[in-house]
Amino acid sequence: LLAGAGKSGVASYHPVLDQQSLRRLQLGTELEQAMADGEISVVFQPIIDARTSDIVSVETLVRWAHPRYGAIAPDEFIHLAEQIGRIGPLTDHVLDLALARCRRWLDQDIALSVAVNLSARCLTEPDLVDRVQRALRRHGVPGELLTLELTEGSVVDDSVRSSTVLADLHALGLRLSMDDFGTGYSSLSQLRQLPIDEVKIDKSFVLGMSTSQGESFIARSIIELAHNLGLRVVAEGVEDELTRNLLAEMGCDKLQGFLVSRPLPDERLESWILARTGVRSAVAGTPHRRL
Ligand code: C2E
Ligand code: MG
Ligand code: MG
Ligand code: MG
């Protein structure tokens, strides 16, 4: 894009947008339509029990297959969606796809829980709890089968802290998980006052565990502290056997990472699950069958 002619009438061309800004602008204007056109989909990454290796959950991760740009990573458009005030519709879209998938499992008598990421901005939307509740109802999925992953920054925010949004979400029966734990400023003792059920050790620590004792020490400390506070612990970014064994030995509850599986499109997840030994019922006491 070029600036128009100057006051003098002499065209003076100032490039006002570089390539990257232009791309951002385009993606921003196209986001809504992309959802409608099915360009925005999700993949699912399995999360397994560290002891039994049963699949216990899947994390829903958004993907944008752009007709001109190809695959665009969420790290590029989530922040953009927040900035242009479109994170609400995007979150609803992802939640819808996740719960539809969960419903289809339920129809096959499989109670597998799904996790959905919630950006910080979402927690300040006044109708969030309502929208989550309506989505659960629409799909006929019990709250127990949904986990919302939050980031540290979003829950230490004063307005969120003082509001009842986390308590209200928790009251729907769903689980709250603290994503990317260890990268923010919150301490586990701060989290104790919040209705958090689980922490996910950030992959930056987990990725370093096989080569660095320091990273292993951090992981071990997070696991011990979290357990003392009654929280479950998930390690994300598990890429090798050594790390997996270290985490299991430290008592980490659940594992997620390329070693277990990459994020998979729906149909590939189906066959991945079928090839495994067990789906553990995520709802205690339900008659759902285990694979
Ligand atoms: P996250 O929630 O921490 O998700 C984990 C990220 O780590 C995913 O990247 C996943 O593909 C990647 N990952 C998983 N296992 C491994 C591993 O073993 N090694 C390495 N190197 N990476 C691994 P992805 O899908 O690119 O997502 C990046 C971030 O974008 C997510 O981090 C999350 O913060 C955000 N995000 C993704 N989907 C959504 C969404 O639907 N809504 C919101 N608000 N944020 C989302
Ligand atoms: Mg996450
Ligand atoms: Mg994470
Ligand atoms: Mg992350």
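Residues numbered from 1 in each chain as written. Chains lettered and ligands numbered in written order. Predicted model: local features only at pLDDT ≥ 70, side-chain atom pairs only at ≥ 80, totals over all residues. Heavy atoms only, no water.

Focus: the overall build of the protein
When helices and strands are counted, the protein shows 12 helices and 9 strands. Sorting the 291 residues of the protein into buried and exposed places 46% on the buried side. Summing over all exposed atoms, the protein offers an accessible surface of approximately 14,200 Å²; the carbon and sulfur share of this is 52%. (Helix = DSSP H or I, 4+ residues; strand = E, 2+ residues; numbered from the N terminus. Buried < 20%, exposed > 50% of the residue type's maximum accessible area, 1.4 Å probe, protein only. Areas by Shrake-Rupley, 256 points an atom, 1.4 Å probe, with all protein chains shown as cover.)

A closer look at the pairing of strand β8 (residues 232–235)
Side-chain direction in a regular strand flips from residue to residue, so the side chains alternate between the two faces of the sheet. Pairing between strand β7 (residues 198–201) and β8: 4 bridges, direction parallel. Considered in β8, the bridge of Val-199 is made with Val-233. Each parallel crossover has a hand, and for β8 linked through helix α11 (residues 241–249) to strand β9 (residues 254–255) it is right-handed. (Pairing = 2+ DSSP bridges. Right-handed = clockwise from strand over helix to strand, strands pointing away.)

Some words on the pattern of salt bridges
Going through the model one piece at a time under the given rule, you end up with 17 salt bridges. Notably, a salt bridge pairs Lys-200 with Glu-149, separated by 2.8 Å at the nearest N-O pair. Residue Lys-200 is found in strand β7, and its partner Glu-149 is found in strand β5 (residues 146–151); the two are separated by 51 residues along the sequence. Note on accessibility: Lys-200 and Glu-149 belong to one class, buried. A salt bridge links Arg-220 to Glu-249; the shortest N-O distance between them is 3.6 Å. Taken together, the positions of Arg-220 in helix α10 (residues 213–228) and Glu-249 in helix α11 put the pair 29 residues apart, joining distant regions of the chain. On the accessibility criterion, Arg-220 (32% relative accessible area) is partly exposed. Shared partners join several salt bridges into a network, and the residues in it are Asp-92, Glu-125, Asp-127 and Arg-131. (Salt bridge = Lys/Arg side-chain N within 4 Å of Asp/Glu carboxyl O.)

As for the site of ligand 1
With respect to spatial proximity, 22 residues lie near ligand 1, and among them Arg-63, Asn-117, Asp-179, Glu-239 and Phe-258 are the closest. Contact distances for ligand 1 include 2.9 Å between an oxygen atom and a side-chain N or O atom of Asn-117. One of the side-chain N or O atoms of Glu-236 is found 3.2 Å from an oxygen atom in ligand 1. For ligand 1, whose free accessible area comes to 800 Å², the fraction covered by protein is 86%. Mapped by element, the contributors of at least two residues to the shell around ligand 1 are β2 (55–66), α2 (74–83) and β6 (175–181). Here the shell around ligand 1 gets 4 residues from one element, more than from any other, and that element is β2. Here the shell around ligand 1 is composed, by residue class, of 8 nonpolar, 5 polar and 9 charged. (Near = heavy atom within 4 Å. Polar contact = N/O pair within 3.5 Å; in protein donor to acceptor, adjacent residues only side chain to side chain. Nonpolar A, V, L, I, M, F, W, Y, C, P; charged D, E, K, R; others polar.)

Section: the coordination of the magnesium ion (ligand 2)
In the first shell of the magnesium ion (ligand 2), the protein supplies Glu-59 (OE), Asn-117 (OD1), Glu-149 (OE) and Asp-179 (OD), at 2.0 to 2.2 Å from the metal. Read in sequence order, the donor residues coordinating the magnesium ion (ligand 2) give the pattern E-x57-N-x31-E-x29-D. Taken as a pair, the magnesium ion (ligand 2) and the magnesium ion (ligand 3) show a spacing of 4.1 Å, with Asp-179 coordinating each metal. Placement of Glu-59 in strand β2 and of Asn-117 in strand β4 (residues 113–117) is noted, with a sequence separation of 58 residues between them. Here Glu-59 falls in the buried class, since its relative accessible area comes to 4%. (Donors = N, O, S within 2.8 Å, 3.2 Å for Na, K, Ca; no water.)

Some thoughts on the confidence of the model for the protein
Chain-level pLDDT for the protein is 89 on average; 89% of the residues reach the 70-or-more range. When the criterion is pLDDT under 50, residues 1–6 qualifies, and its contacts beyond four places in sequence or with other chains add up to 17 contacts. Within the model, the stretch residues 281–291 combines pLDDT values under 50 with 25 contacts to residues more than four positions away or in other chains. Confidence estimates for the predicted assembly give a pTM of 0.90 and an ipTM of 0.98. (pLDDT = per-residue confidence, 0-100. Contact = heavy atoms within 4.5 Å.)

Re α10
Taking 1.5 Å per residue as the helical rise, α10 with its 16 residues ought to reach 22 Å, and the 22 Å between its terminal C-alpha atoms agrees with that figure. For α10, the complete set of buried residues consists of Ser-216, Ala-219, Ile-222, Ile-223 and Ala-226. Along α10, the residues classed as buried sweep out an arc of 125 degrees about the axis, all on the same side. Opposite the packed face of α10, turned more than 90 degrees from it, sit the exposed residues Gln-213, Phe-217 and Asn-228. The elements touched by buried residues of α10 are β6, α8 (188–191), β7, β8 and α11. (Expected span 1.5 Å × (residues − 1). Arc of directions from axis to C-beta.)

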